[in-house]
Amino acid sequence: MKIIISNISGKPLYQQIKEQIKEAIFNSEIEDGDPLPSIRAFANDLKVSILTIRRVYDELEQEGFITSQVGKGTFVSTNNLELLRDSKRRLVENQMHEMILNAKTLGITKEELNNMMDILYEEDQNE
Amino acid sequence: MLLHLIKKDFLIAKKYLLIMLLISVFIPIFVIWYVPELGAEIGFVLSVIFTVFMILQQVSIKEYQYPKVSALLCSAPYPRKFLVLSKYGFCIGIYFLCSLIYLIEITLFPMYGKLSINLVLGMFLILSVFIGVFLPIQFKYGYAKTKFIFMIVIMTSPILFPQLIKLDKGLSLNIVNTISPVFLYVIVALISISILMISALISIKIFEDKDLA
Amino acid sequence: MNKILEVHRLNRSYGNFSLKDISFSIPEDCITGFIGVNGAGKTTTLNSILGLIKRESGNIKLFGLDMQTHEKEIKNRIGVVFDDSCFYDELSMSEMKDIIAPAYTSWCEDDYKGYMRRFSLNPKQKINTLSKGMRMKYALALALSHKAELLIMDEPTSGLDPLIRSQLLEILTDYMKEGGKGVFFSTHITSDLDKIADMLIMIDHGKIVLQEERDTLLDNYRIVKGDTRKLKSEIKNLFLSIDTTDFGFTGISNQISEIQSHVPDIVIERATIEDIMLAHIKGGE
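Residues numbered from 1 in each chain as written. Chains lettered and ligands numbered in written order. Predicted model: local features only at pLDDT ≥ 70, side-chain atom pairs only at ≥ 80, totals over all residues.

Undergrad: An account of the overall build of chain A is requested, with residue identities and associated values reported.
TA: Helix and strand counts for chain A stand at five helices and three strands. Secondary structure elements of chain A, listed N to C terminal, follow the sequence α-β-α-α-β-β-α-α. C-alpha extents for chain A along the principal axes are approximately 60 × 35 × 20 Å. When the 127 residues of chain A are sorted by exposure, 20% land in the buried category. When contacts within chain A are restricted to residue pairs at least 6 apart in sequence, long-range pairs at least 24 apart make up 51% of them. (Helix = DSSP H or I, 4+ residues; strand = E, 2+ residues; numbered from the N terminus. Buried ≥ 20, exposed ≤ 12 C-beta atoms within 10 Å, placed from the backbone. Contact = placed C-beta atoms within 7 Å.)

Here you go:
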């Protein structure tokens, strides 16, 4: 797993770490049941405070990406991943429904909608 | 714990201690040779006062030089009152050492004098008065302001004490005759101990409120 | 997380300096840095916590116990390192140890020997022959040899070269590995804190100015640079402190997006702890 912290990025440290761990899980770089480093070891290696890693682990656990067992450590957990992916897909679908409804009301065609989508997608990618 | 603190004072005065104990060996001998009419008892009295005060001064100098040690000791679980009591214990310890030396001397040279209960208790009383008055003053004002007291005691004791003993010899004859000796000994011992206890309580109160840093 | 040290409304005056309503708490498992410039009140605060100077008001709790009523128990569980000269220099390290060790019920001679070996210190050596760095290591050996759960240190790295400082930081990191411990150290050398602090508490002119996780501080504050001409007075208020020259302004702020909305043309950089500390001090003036 590669975690590179950027000093130039405006993003908070804990967010950078969290996102890179999520990416590693999504890319199957680390898999269900794989152990994650202990909070202290991780903090030392990344040169961040243990409070930051603790927050990362807490939030990842809340979001269902990892589980921690007292005495055993922290492990990747993709059990909820599918459910998570599904619920997130559903969220996007709902947003799309709303968007399409609005577009139809305003008389925006499917083609225009697709174009707008392309432009906006590119813009967001660059941010 | 208290013993360790007393040991500490002996440790820091280590080098000086040896010299002073040697001096306390020679004072009685000196007295006997040059002024035998006063008796070796004077030698004993002088050697105790001298030794206690000079070693106490040496310890006080060291503590003045390294004031943060008290801070370190008090940030450790040593209660402040033990730091106070250890000073008293230290002085009494030196008294015992001097008594031991004197005892050895008169055992080797019995004609020079004897270590009577009178002398031991009388000396203890004198010592109690001295340190009972002096130690609270030093705890309150620190070494720098009180070092002149050391000088005064050390300088004037060779002169004062012979006078005092003469007076005392005159007084004690009357008092001793009217009260039974054992009773007298107990009273003197109790007075000494009370003086020390009251003095210690005062010193403890002073030291509890002192800023150590 | 448990709070290993809690200070509540500590007050103490000394002539023309005073500690005013100092309140802060330190969680366990954290290394907390206590920063401030010389004379800000760090040592006075530490001395008050340790009971070396009497406080006028306020209370102090360590390990959840009140210092007033559980002083001996608390002191058994803390290790203390002062910045210098708290030993009788003419004694050997071993003699000094024999003075300190009996105070602690959990003194562990094996731990002591281990640390002395690790720091390459010869116990028979006299303290006045040691360099400053060796003396600090010795003080640390004493502080770490009685199973202390909290290490309190007053400017442990001042006057030490970078190598020894980094060794000290390594020792502290090792100490924290077991968990359930804490370190609280005062310093004005902020670069050390950049490296190991988890939590920062800053004091200035006798008052606590901030209390924050180090990474949050580093995430929220930024150095902002831009054109002085674009600097209006409402924007100046968004800065903690700001320096202007003919060629531009440099300031520290935690309201970057606000500033950006007024002055889109700015350069943003991450700040160091020192930058943030100085900005707080300057801003306070």
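After that view, the rundown keeps rolling.
Undergrad: Break down helix α5 (residues 132-144) of chain C for me, citing the residues and quoting the values.
TA: All names here are of chain C. Spanning 13 residues, α5 covers 18 Å between terminal C-alpha atoms, matching the ideal 18 Å at 1.5 Å per step. Summarising burial for α5: 10 of the 13 residues are buried, a large majority. The complete set of buried residues in α5 reads Arg135, Met136, Lys137, Tyr138, Ala139, Leu140, Ala141, Leu142, Ala143 and Leu144. Against β6 (78-81), α3 (93-100), α4 (109-118), β7 (150-154) and α6 (162-176) lie the buried residues of α5. (Expected span 1.5 Å × (residues − 1).)

Undergrad: Give me the lowdown on the domain arrangement of chain C, citing residues and values where you can.
TA: Residue and element names in this part refer to chain C. As far as domains go, chain C holds domain 1 (3-213) and domain 2 (221-284). Domain 1 and domain 2 are separated by 35 Å when their C-alpha centres are compared. Every contact between the two is made by 10 residues of domain 1 and, on the other side, seven residues of domain 2. Elements with a minimum of two residues in the side of domain 1 that touches domain 2: α7 (190-196), β9 (199-204) and β10 (207-213). The class makeup of the residues in the side of domain 1 that touches domain 2 is seven nonpolar, one polar and two charged. (Domains from an automatic or database assignment. Nonpolar A, V, L, I, M, F, W, Y, C, P; charged D, E, K, R; others polar.)

Undergrad: Help me get a handle on the interface of chain A and chain C, residues and values and all.
TA: With 12 residues of chain A at the contact, the number on the chain C side is 12 residues. At the level of secondary structure, the elements contributing two or more residues to the side of chain A that touches chain C comprise α1 (13-26), α2 (39-46) and α3 (50-62) of chain A. With three residues, the top contributor of residues to the side of chain A that touches chain C is α3(A). When grouped by side-chain class, the residues that make up the side of chain A that touches chain C number six nonpolar, five polar and one charged.

Undergrad: With reference to specific residues and values, describe the interface of chain C and chain B.
TA: How large an interface is tends to be reported as the accessible area lost when its parts come together. Counting residues at the interface gives 23 residues for chain C, matched by 21 residues for chain B. Listed by contribution, the elements that provide at least two residues to the side of chain C that touches chain B are α2 (71-77) and α3 of chain C. Its residues placed into classes, the side of chain C that touches chain B shows 14 nonpolar, four polar and five charged.

Undergrad: Can you lay out the sheet that holds strand β2 (residues 66-69) of chain A for me, pointing to particular residues and giving the numbers?
TA: Strands in a sheet are paired, the pairing made by backbone hydrogen bonds, and the direction either parallel or antiparallel. Residues and elements named next belong to chain A. Across the sheet, which stays open at both edges, the three strands sit in the order β1-β3-β2 with antiparallel pairing between neighbours. Edge positions in the sheet fall to β1 (35-36) and β2, since each of these pairs with one other strand and no more. When β1 meets strand β3 (residues 73-76), the two strands line up antiparallel, connected through two bridges. Residue Leu36 lies in a different strand from β3, and its bridge partner there is Thr74. Of the strands in this sheet, β2 and β3 touch α3, which is tilted by about 115° from β2. (Pairing = 2+ DSSP bridges. Axes fitted to C-alpha atoms, helices over the stretch in contact; angles between N-to-C directions.)

Undergrad: So what's going on with the packing of helix α5 (residues 80-108) of chain B against helix α7 (residues 181-208) of chain B? Which residues, and what values?
TA: Residue and element names in this part refer to chain B. Interaxial distance between α5 and α7 falls to 9 Å at its minimum, and their mutual angle equals 140°. In this view, α5 runs oblique relative to α7, as classed from their interaxial angle. Here α5 and α7 pass one another in a crossing that is right-handed. Facing α5, whose interface residues are Arg80, Lys81, Leu83, Val84, Leu85 and Tyr88, α7 presents Leu196, Ala200, Ser203, Ile204, Phe207 and Glu208. Classifying every residue of the contact of α5 with α7 gives eight nonpolar, one polar and three charged. (Parallel < 35°, antiparallel > 145°, perpendicular 65-115°, else oblique. Left-handed = near helix turned anticlockwise from the far one by under 90°.)

Undergrad: Any chance you could break down the nonpolar core for me, citing the residues and the numbers?
TA: Val48(B), Val52(B), Ile55(B), Ala143(C), Leu150(C), Ile152(C) and Leu200(C) are the most contacted members of the largest nonpolar core, which totals 147 residues. Those residues within four positions of Val52(B) in sequence are excluded, and the remaining contacts are Cys91(B), Ile94(B), Tyr95(B) and Leu127(B). (Core = buried A, V, L, I, M, F, W, Y, C linked by C-beta atoms within 7 Å.)

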